[in-house]
Amino acid sequence: MSAAAGPSIEPRPGTPGTPGDTAAAPAPAPLRWVHRFEDLIACLVLALMVLLPLAEMAMRLLFQRGIPGSQPFVQHLTLWIGFLGATLAAREGRLLQLASGTFIPEGPWREAAGIVSALVGSAVCLVLAAASWTLVEVEREGGAVIALGIEVWMALLVLPFAFGVLALRLVWHASRRRWGRVVAALGVGLGVVLVLNPELLEGKPAWPWLLVLVGATLLGGPLFVALGGAAVFLFLADGIPAAAIPVETYRLAVNPTLAAIPLFTLTGFLLAEGKASERLLEVFRSWFGWIPGGTAVVCALLCAFFTVFTGGSGVTILALGGLLYQALVADRYREQFSIGLLTASGSLGLLLPPALPLILYGIVAEISIEDLFIGGIVPGLLLIGLVAGWGVREGIRGGAPRVPLRAGRAGRALWRAKWELALPVVVLVTIFGGFATLVEASAIAAALAAGMQWLVHRDVTARELLRVLQKCSVLIGGVLVILGVAMGLTSYLVDAQIAQRLLDLVSDNIESRIVFLLCLNLFLLLIGCLMDIFSATIVVVPLILPLGAAFDIHPVHLGIIFIANLELGYLTPPVGLNLFLASYRFEKPLLVVYRAAVPMLVILGFGVLLITYLPVLTLGILEMLGRV
């Protein structure tokens, strides 16, 4: 996307020399068959991740026993979809990256930036590939078995393969010109040197290498290279083998709950692909359109509904932005207000169950995900209510038309959208009713979304369903590869006792709980506009957990504060992700989007302060249920 520092899932095409360019280096004809095979494998893996938990539930219901190895197989399939998806994202130039590279004018300077970032990226990938191969060899000697005689090392082969392919594809996309790719390929040679001679870095300062990574990232290099490269150079400088990184990657991938993230992401993609948004828009308009500013209220509600399943990936703005913008303009809402509303609404819903950031936070912080689901309900509704309230004000001020409430129309709209509206209810009932695990509930959601889009409404054909699986794999890969290498960096930070040092620093300088929470908000706001919410969770949460405990902040309350601030960070100029996505989607200059977003930033900032300083908003329901 444009400008300074937000990762993008939809890079602007036609930008030569940028690693995010999908048109910079078209594949030769013979490779197209390879690409089709890759797509097929990724689709198959994702489909198996849906079908295995469903089959497990059916076997348990009918025969009181499950499928041998079902859960560990799904866990290892998560590893595969993450890294196969990453190779697809690299192939299409859609690895998540900072948008700062697009500030560089097109032409020779842009091409040079792509070459430099690819050189650094390929070096890091080569080191990670070699480190992953070391892990494969260790596991092969250990002989650990997943299930049914399939050994762990066989599943781990995807790591060195994927990192090797990533290195090659970064080189290929570095430039249109052969000489540019040759220069970028020098990074592979540098990686080989570091693999064969790790002592070159041992005992040496790591900061020069970290500065190189920062520079390459600002030039448009992938985020996973920045995080994984930082882990590589810090470990090697301390004399620790780089194999420590894929070990942590594997540990995260086989977490029993992580598979829910790709499956809920698939659910969001399926909903966004067909006409679900139009059906839901009609429901909300027919039921809430009579309110002053009803269309604006409806936009906030609809965006929140989709973001629950798509997470902070930007899919909501990209998928719904055009439809909702047209609806607002047609009802005579000001352009500036409409852009600001949709930019802010693109991250609404991150606090409502079963939002992906809540799941990942629970995994990293090792606290109850169900408690986070419950704790996020009131704060999530508060933020939606504040945005909707501003929409009501705009509707009254601008005299926007209102849709009268008619029982017949509302009933018909409700009936047409019954499957979409039932989806979150089914998910939450199966989870809180104890009928299914979180992963099984996410598989149910994905299967229902596919069924309603393909078989019930016939919005997508079987061929289009495969295309959705492929597109979803690309996004999942772009996210999970970041999470995997970020775990390696987090491991280093833990080993280096960074959290303890940070705790000592804060304890020595801040005594007031109120002041600490304010400083925490400012810190998280900065993190939220510089990092995507998923990698920020992996890297930052282990650092703030001891701080929260020191100031007696309940772990669930701390989690909601964390996610609320990162949600606000998406909207914070000059580098919030939603600002760039809105600029791209609505084809407006960034300064126009900045001005439009400021009122929403103030409103949501007030909401975040309420969430921070009124823990009853987070913990009230939990206390009533006796879970605190």
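Quick caveat: nothing in here was measured; it's all calculated off a predicted structure.

### Quick look at the overall build of the protein
Line of reasoning, step 1. Broken down by element type, the protein carries 28 helices and two strands.
Line of reasoning, step 2. At 24 Å, the protein has a C-alpha radius of gyration in line with the 25 Å of a compact globule built from 628 residues.
Line of reasoning, step 3. Principal-axis analysis of the C-alpha atoms places the extent of the protein at approximately 75 × 60 × 60 Å.
Line of reasoning, step 4. For the protein, with 628 residues in total, the buried portion stands at 60%.
Line of reasoning, step 5. Put simply, 82% of the contacts in the protein that link residues at least 6 apart link residues at least 24 apart.
Line of reasoning, step 6. When the accessible surface of the protein is split by element, carbon and sulfur atoms take 68% of a total near 24,400 Å².
Line of reasoning, step 7. Considering the protein, the positive charge centre built from 39 side chains and the negative charge centre built from 38 side chains are found 14 Å apart.

### A look at the side chain of Asn578
Line of reasoning, step 1. On the secondary structure map, Asn578 appears in helix α26 (residues 577-586).
Line of reasoning, step 2. Judged by relative accessible area, which is 2%, Asn578 ranks as buried.
Line of reasoning, step 3. The residues touching Asn578, leaving out its near neighbours within four places in the chain, are Ile317, Thr343, Ala344, Gly346, Ser347 and Tyr570.

### Details of the pattern of salt bridges
Line of reasoning, step 1. All chains considered together, the criterion is met by 17 salt bridges.
Line of reasoning, step 2. In this structure, Glu273 and Lys471 form a salt bridge, with 3.6 Å as the shortest nitrogen-oxygen distance. Taken together, the residues span a long stretch of sequence, with Glu273 in helix α10 (residues 260-273) and Lys471 in helix α21 (residues 462-495) at a distance of 198 residues.
Line of reasoning, step 3. The network of salt bridges with shared partners includes Glu38, Asp39, Arg91, Glu92 and Arg169.

### Description of the confidence of the model for the protein
Line of reasoning, step 1. Confidence in the prediction of the protein, expressed as mean pLDDT, is 88, and 94% of residues score 70 or more.
Line of reasoning, step 2. Mean pLDDT values over the elements of the protein span from 84, in α26, up to 96, in helix α5 (residues 158-172).
Line of reasoning, step 3. A low-confidence stretch, residues 1-25 (pLDDT under 50), is modelled with 100 contacts involving residues beyond four sequence positions or located in other chains.

### With respect to the nonpolar core
General note: in soluble globular proteins, nonpolar side chains tend to be found buried as a group.
Line of reasoning, step 1. Grouped together as the largest cluster of nonpolar side chains are 213 residues, with contacts concentrated most on Phe224, Ile359 and Phe562.
Line of reasoning, step 2. Here this core takes 18 residues from α21, the largest share from any one element.
Line of reasoning, step 3. Discounting residues that sit within four places of it in the chain, Ile359 has contacts with Thr257, Ala260, Ile261, Phe264, Pro354, Ile369, Phe373 and Leu438.
Line of reasoning, step 4. Grouped together as the second largest cluster of nonpolar side chains are five residues, Ile115, Val171, Ala174 and Ala184 included.

### Structural notes on the environment of Val308
Line of reasoning, step 1. With respect to the helices and strands, the residue Val308 is situated in helix α12 (residues 294-310).
Line of reasoning, step 2. As for Val308 and Gly478, which are separated by 170 residues in sequence, their C-alpha atoms are 19 Å apart.
Line of reasoning, step 3. Residues within four places of Val308 in sequence aside, it is in contact with Gly349, Leu352, Pro353, Pro354, Ala355 and Leu356.

### Notes on α21
An α-helix turns once every 3.6 residues. As a result, residues three or four positions apart point the same way.
Line of reasoning, step 1. Between its first and last C-alpha, α21 extends 49 Å over 34 residues, near the 50 Å set by a 1.5 Å rise per residue.
Line of reasoning, step 2. Burial runs high along α21: 26 of the 34 residues are buried.

### Focus on the packing of aromatic side chains
Line of reasoning, step 1. Tallied over the full model, the rule gives 12 aromatic pairs.
Line of reasoning, step 2. Ring centres of Phe305 and Phe306 lie 6.0 Å apart, and the angle between their planes is 65°; on these two criteria the pair is classed as edge-to-face. An identical accessibility class is assigned to Phe305 and Phe306; each is buried.
Line of reasoning, step 3. Pairwise contacts between aromatic rings join Phe264, Phe305, Phe306 and Phe309 into one cluster.
Line of reasoning, step 4. Its end group placed over the ring of Trp33, Arg36 keeps NZ or CZ at 4.6 Å from the ring centre.
Line of reasoning, step 5. A cation over an aromatic ring shows up here: Lys418 above the ring of Trp415, its NZ or CZ 3.9 Å from the ring centre.

### A word on helix α3 (residues 108-142)
Line of reasoning, step 1. Helix length check: α3, at 35 residues, gives a terminal C-alpha distance of 51 Å against a target of 51 Å (1.5 Å per residue), a fit within 8%.
Line of reasoning, step 2. One or two residues past the end of α3 sits Gly143, with phi positive at roughly 75°.

### Some details on the environment of Trp172
Line of reasoning, step 1. With respect to the element layout, Trp172 can be found in helix α5.
Line of reasoning, step 2. Residue classification places Trp172 among the partly exposed residues on the basis of a relative accessible area of 31%.
Line of reasoning, step 3. Measuring from C-alpha to C-alpha, the distance between Trp172 and Ala185 comes to 8.6 Å, with 13 residues separating the pair along the chain.

### Some points on the packing of helix α11 (residues 276-288) against helix α18 (residues 407-416)
Describing two packed helices takes the angle between their axes plus the distance from one axis to the other.
Line of reasoning, step 1. Close contact between α11 and α18 brings their axes to 8 Å; oriented N to C, the two are set at 150°. Here α11 lies roughly antiparallel to α18, going by the angle between them. As α11 packs across α18, the resulting crossing turns out to be left-handed. Counted together, Arg279, Glu282, Val283, Ser286 and Trp287 of α11 and Arg409, Ala410, Ala413, Leu414 and Arg416 of α18 form the full contact between these two elements.
Line of reasoning, step 2. Its residues assigned to classes, the contact of α11 with α18 shows five nonpolar, one polar and four charged.

### With respect to a nonpolar patch on the surface
Line of reasoning, step 1. Together, Trp287, Phe288, Trp290, Leu405 and Leu414 line one region of the surface with nonpolar side chains, adding up to about 460 Å² of accessible area.
Line of reasoning, step 2. When its relative accessible area of 40% is taken as the criterion, Trp290 is described as partly exposed.

### Topic: the packing of helix α23 (residues 513-530) against helix α24 (residues 533-550)
Line of reasoning, step 1. Interaxial distance between α23 and α24 falls to 12 Å at its minimum, and their mutual angle equals 175°. Judged on the interaxial angle alone, α24 and α23 are roughly antiparallel. Taking contact as the criterion, the partners of Phe516, Leu520, Phe523, Leu524 and Ile527 in α23 are, on α24, Ala536, Val540, Ile544, Leu547 and Gly548.
Line of reasoning, step 2. Classifying every residue of the contact of α23 with α24 by side-chain character gives nine nonpolar, one polar and no charged.

What counts, and at which threshold
- Residues numbered from 1 in each chain as written.
- Predicted model: local features only at pLDDT ≥ 70, side-chain atom pairs only at ≥ 80, totals over all residues.
- Heavy atoms only, no water.
- Helix = DSSP H or I, 4+ residues; strand = E, 2+ residues; numbered from the N terminus.
- Rg over C-alpha atoms; globule rule 2.2 N^0.38 Å.
- Buried < 20%, exposed > 50% of the residue type's maximum accessible area, 1.4 Å probe, protein only.
- Contact = heavy atoms within 4.5 Å.
- Areas by Shrake-Rupley, 256 points an atom, 1.4 Å probe, with all protein chains shown as cover.
- Lys, Arg positive; Asp, Glu negative; His and termini not counted.
- Charge placed at Lys NZ, Arg CZ, Asp CG, Glu CD.
- Salt bridge = Lys/Arg side-chain N within 4 Å of Asp/Glu carboxyl O.
- pLDDT = per-residue confidence, 0-100.
- Core = buried A, V, L, I, M, F, W, Y, C linked by side-chain atoms within 4.5 Å.
- Expected span 1.5 Å × (residues − 1).
- Phe/Tyr/Trp six-rings, centres within 6.5 Å; stacked < 30°, edge-to-face > 60°.
- Lys NZ or Arg CZ within 6 Å of the ring centre and 35° of its normal.
- Axes fitted to C-alpha atoms, helices over the stretch in contact; angles between N-to-C directions.
- Parallel < 35°, antiparallel > 145°, perpendicular 65-115°, else oblique.
- Left-handed = near helix turned anticlockwise from the far one by under 90°.
- Nonpolar A, V, L, I, M, F, W, Y, C, P; charged D, E, K, R; others polar.
- Patch = residues over 30% accessible without salt bridge, like charges linked within 9 Å, V, L, I, M, F, W, Y side chains within 5 Å.

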